[in-house]
Amino acid sequence: DVKVTQSSRYLVKRTGEKVFLECVQDMDHENMFWYRQDPGLGLRLIYFSYDVKMKEKGDIPEGYSVSREKKERFSLILESASTNQTSMYLCASTPLGEVYEQYFGPGTRLTVT
Amino acid sequence: EDQVTQSPEALRLQEGESSSLNCSYTVSGLRGLFWYRQDPGKGPEFLFTLYSAGEEKEKERLKATLTKKESFLHITAPKPEDSATYLCAVLEKTSYDKVIFGPGTSLSVIP
């Protein structure tokens, strides 16, 4: 079974803090994705990566950065957390190329106060 | 602009009352359409992939169909455990493995 794990299920941070969210997948997938999910807005893509050290901006990259130093690990970084970044953050992975479904982690619910 | 919409936003059914969820999409060319189920506080779980108009997939009480502009998720004789949010997502031909998700339909099945 594909497994995608995320470092925290719940996280509370203060405005201005630097926040790291980590995602690890164990199926040797090339593609990894970070989404945020908000009520009424659905899943919105923040960043994705198709290889180690490669990254592409998604639809809402502002205020975020990412790091992919190893194939299995994809980190999302909030450089200076703000209250409007309070959300559910979901990581996903897929193999490269063909039309594959995305495998999601359990999510991290981040609250910025 | 490429987009995916879903209707209704929320649906309440009595146990055993069959119904359908709709996903409409406007993309330049479809590589695949996905249905996911999401339980509260969890990540989406994959259900189906559809590739071309006329295709159908089934799993237990769920059946997904695809036309050139929309997909339907039919739920036959639902049970309370089918309660969840159902997400539709499309992968377009010009996209590099990037999918567009719809906002979801929240389904509640009442015993």
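Structure: see above.
This text gives an overview of the structure that appears in the document. (Residues numbered from 1 in each chain as written. Chains lettered and ligands numbered in written order. Predicted model: local features only at pLDDT ≥ 70, side-chain atom pairs only at ≥ 80, totals over all residues. Heavy atoms only, no water.)

### Concerning the overall build of chain A
Of the regular secondary structure elements, chain A holds zero helices and eleven strands. Seen in sequence order, chain A has helices and strands lined up from the N terminus as β-β-β-β-β-β-β-β-β-β-β. Taking 13 Å as the expected radius of gyration for a compact globule of 113 residues, we find that chain A reaches 13 Å, a close match to that expectation. Overall size of chain A, expressed as C-alpha extent along the three principal axes, is 40 × 30 × 25 Å. Relative to its 113 residues, chain A shows a buried fraction of 50%. Intrachain contacts of chain A at a sequence separation of at least 6 include 55% that bridge at least 24 residues. Positive and negative charge centroids in chain A, built from 15 and 16 side chains respectively, lie 8 Å apart. (Helix = DSSP H or I, 4+ residues; strand = E, 2+ residues; numbered from the N terminus. Rg over C-alpha atoms; globule rule 2.2 N^0.38 Å. Buried < 20%, exposed > 50% of the residue type's maximum accessible area, 1.4 Å probe, protein only. Contact = heavy atoms within 4.5 Å. Lys, Arg positive; Asp, Glu negative; His and termini not counted. Charge placed at Lys NZ, Arg CZ, Asp CG, Glu CD.)

### Some details on the sheet that holds strand β8 (residues 73-78) of chain A
Residue and element names in this part refer to chain A. In space, the four strands of this open sheet follow the order β1-β3-β8-β7, with antiparallel pairing throughout. Whereas interior strands pair on both sides, the edge strands pair on one side only; in this sheet they are β1 (4-6) and β7 (64-70). On average, adjacent strands in this sheet sit at an angle of 20 degrees to one another, irrespective of strand direction. Taken together, the three bridges between β1 and strand β3 (residues 19-25) define a ladder with antiparallel strand orientation. When the bridges of β3 are listed, Val4 appears paired with Gln25. (Pairing = 2+ DSSP bridges. Axes fitted to C-alpha atoms, helices over the stretch in contact; angles between N-to-C directions.)

### Observations regarding the interface of chain B and chain A
Listed as interface residues are 21 residues of chain B and, on the opposing side, 25 residues of chain A. Summed over both sides, the interface between chain B and chain A buries roughly 1700 Å², with carbon and sulfur atoms accounting for 58% of that surface. It is strand β4 (residues 30-38) of chain B that contributes the most residues to the side of chain B that touches chain A, five residues altogether. Residue classes in the side of chain B that touches chain A are distributed as eleven nonpolar, six polar and four charged. (Buried area = accessible area lost by both parts, 1.4 Å probe. Nonpolar A, V, L, I, M, F, W, Y, C, P; charged D, E, K, R; others polar.)

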